[in-house]
Amino acid sequence: MTTTLTAPAKINLALDVVGKKDNGYHLVEMIMQTISLHDEVSVAPDRQTSVVCNRQDVPTDETNICIKAWKLMQETYSLPDGIKITIKKNIPVAAGMAGGSTNGAAVIAAVNREFGLNLALPEMKSLGGRLGADVPFCLQKGTALATGIGDVLQELSPCPKIYVLAVNPGFAVSTVQVYKNLAWHKITEHPDTAAMIKAIKKQDANGVLRQTGNVLENSAFQLFPQLAAIKSQIGETGLTPLMSGSGGTMLGLTEDREKAAYALNKLQGLYPFAGIFETI
Ligand code: ATP
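These numbers come from a predicted model, not from an experiment.

A. Quick peek at the packing of helix α2 (residues 99–114) against helix α3 (residues 121–128). One can describe the packing of α2 onto α3 by two numbers: an axis separation of 10 Å at closest approach and a directional angle of 135°. Overall, the two elements α2 and α3 adopt an arrangement that is oblique. As α2 packs across α3, the resulting crossing turns out to be right-handed. Only M124, L127 and G128 of α3 make contact with α2, whose side of the interface consists of I108, A109 and N112.

Take a look at the structure:
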């Protein structure tokens, strides 16, 4: 049999860095949000383990997070042989949308179903945490506050519907490099995460849009000035511009679908990836 699951992308409606640990990890405060853009991940029992993907820039060897997820499940639950993992990738790669993490999360959930393991969500999240800080959220989905090094999750009430224009310039942005280049103690403007949570609770989409912010933008813009230019272009269309995660996907947010369509029309064709999605 084959189990196929959708693996949705995430954006950060707010991303703040509030400290750094001795081991070099940054302490964050992030509002995480699932959006409708998604990959499809299938798993099928096989004699060997393999990954097939429709995109060349996704590794198909042991460095693919899907293989790491399978190995972890296989060892933990003594599962036999291997699996064939098929990824239909729509999420831009190395783009700040947790494309790898959501694939890893989908493998955990698909293996759970395919092999009838009956694992509950908390157990799958704790396994996922061993693969990467974003994986537990990718299993939980929806809207959440992430603190600590991004690994402590608190579920929030669902965000009001917001349309998300996503534009990706086609080059990879390394999360590690953006954090390395960040002078976190020099950050003067922090997003008001508490105000964002209040706006979400009140289902106040405009309030959510007013509180968006990402303190990694300056660091990413220093490394990749083109991202700042895309942010300006999105701002000129009237949408609320915001960088997704550590970049380089740039977002334009609005509660008005027509406005999102107008902005897409202005930007389409200028960049390798552009589309309208929504919070889910
Ligand atoms: P995050 O937002 O979690 O920082 P990202 O969206 O910026 O992640 P990914 O798309 O997860 O970045 O890709 C980061 C790197 O992970 C890629 O350069 C790629 O080599 C590697 N990778 C491993 N497995 C996958 C996968 N299944 N899909 C995409 N990239 C993968």
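There's plenty left to go through after this.
B. Focus on the pattern of salt bridges. Under the defined criterion, the tally for this structure stands at five salt bridges. Note that K161 is salt-bridged to E278, the shortest N-O span being 3.1 Å. Note that K161 is positioned in the loop between β6 (152–155) and β7 (163–168) and E278 in strand β11 (residues 273–278), a separation of 117 residues in sequence. Taking relative accessible area as the criterion, K161 reaches 46% and is therefore assigned partly exposed. Given a relative accessible area of 23%, E278 falls into the partly exposed group. Between K231 and E217 there is a salt bridge whose closest N-O contact spans 2.6 Å. Placement of K231 in helix α9 (residues 225–236) and of E217 in helix α8 (residues 217–223) is noted, with a sequence separation of 14 residues between them. With a relative accessible area of 22%, K231 lands in the partly exposed category.

C. Local environment of the site of the ligand. In the region of the ligand, 20 residues are neighbours, and A94, G96, A98, G100 and T175 sit closest. Separating an oxygen atom of the ligand from a backbone N or O atom of A95 is a distance of 3.3 Å. The contact in question runs from an oxygen atom of the ligand to an N or O atom on the backbone of M97, over 3.1 Å. For the ligand, whose free accessible area comes to 620 Å², the fraction covered by protein is 77%. A molecule is said to occupy a pocket when more than half its atoms come within 2 Å of that pocket's grid points, and by this definition the ligand occupies the largest pocket. In terms of residue class, the shell around the ligand is made up of nine nonpolar, eight polar and three charged.

D. Looking closely at helix α10 (residues 257–267). Buried residues of α10: A260, A263, L264 and L267, and no others. Burial along α10 is one-sided: seen end-on, the buried residues are contained in an arc of 100°. Within α10, the exposed residues directed more than 90 degrees away from the buried face are E258 and N265. On its buried face, α10 sits against β7, α9, β10 (250–254) and β11.

E. Representation of α2 within the structure. End to end, α2 covers 22 Å across 16 residues, agreeing with the expected 22 Å (1.5 Å per residue, within 8%). Within α2, 13 of the 16 residues are buried, which leaves it mostly tucked inside the rest of the structure. After α2 finishes, the residue G116 shows a positive phi value of roughly 60°.

F. Summary view of the nonpolar core. Counting residues in each nonpolar core, the largest one holds 33 residues, and the members touching the most others are V17, L165, L216, L227 and I234. Ranked by the residues each element gives to this core, the list is headed by α10, at four residues. With residues up to four places along the chain from it excluded, the contact list for I234 reads L165, V167, L239, P241, M250, L251, G252 and L267. Among the nonpolar cores identified, the runner-up in size contains 31 residues, and L5, A69, I83 and A106 belong to it.

G. Up close: the pairing of strand β1 (residues 3–20). Counted residue by residue, β1 has 14 buried out of 18 residues, so it is predominantly covered. The antiparallel pairing of β1 with strand β2 (residues 26–46) creates a hairpin that spans five residues between the two strands, and G24 there sits at a positive phi of about 95°. Sheet topology places β1 next to strand β8 (residues 213–214); two bridges connect them, and they run parallel. Within β8, the position partnered with L15 by the bridge is N214.

H. Representation of the side chain of T279 in the model. Take T279: it is sitting in the segment after β11. When its relative accessible area of 6% is taken as the criterion, T279 is described as buried. Here P160 takes part through its backbone oxygen, which lies 3.4 Å from a polar atom of the side chain of T279. A distance of 3.0 Å separates the side chain of T279 from the backbone nitrogen of I162, its partner in a polar contact. Leave out the neighbours within four places in its chain, and T279 touches Q33, T34, I35, P160, K161, I162 and V164.

Cut-offs and rules
- Residues numbered from 1 in each chain as written.
- Predicted model: local features only at pLDDT ≥ 70, side-chain atom pairs only at ≥ 80, totals over all residues.
- Heavy atoms only, no water.
- Axes fitted to C-alpha atoms, helices over the stretch in contact; angles between N-to-C directions.
- Helix = DSSP H or I, 4+ residues; strand = E, 2+ residues; numbered from the N terminus.
- Parallel < 35°, antiparallel > 145°, perpendicular 65-115°, else oblique.
- Left-handed = near helix turned anticlockwise from the far one by under 90°.
- Contact = heavy atoms within 4.5 Å.
- Salt bridge = Lys/Arg side-chain N within 4 Å of Asp/Glu carboxyl O.
- Buried < 20%, exposed > 50% of the residue type's maximum accessible area, 1.4 Å probe, protein only.
- Near = heavy atom within 4 Å.
- Polar contact = N/O pair within 3.5 Å; in protein donor to acceptor, adjacent residues only side chain to side chain.
- Areas by Shrake-Rupley, 256 points an atom, 1.4 Å probe, with all protein chains shown as cover.
- 1 Å grid on protein atoms, 1.4 Å probe; cavity = no way out; pocket = protein on both sides within 12 Å on 5 of 7 lines; lining within 4 Å.
- Sits in = over half its atoms within 2 Å of the grid points.
- Nonpolar A, V, L, I, M, F, W, Y, C, P; charged D, E, K, R; others polar.
- Arc of directions from axis to C-beta.
- Expected span 1.5 Å × (residues − 1).
- Core = buried A, V, L, I, M, F, W, Y, C linked by side-chain atoms within 4.5 Å.
- Pairing = 2+ DSSP bridges.

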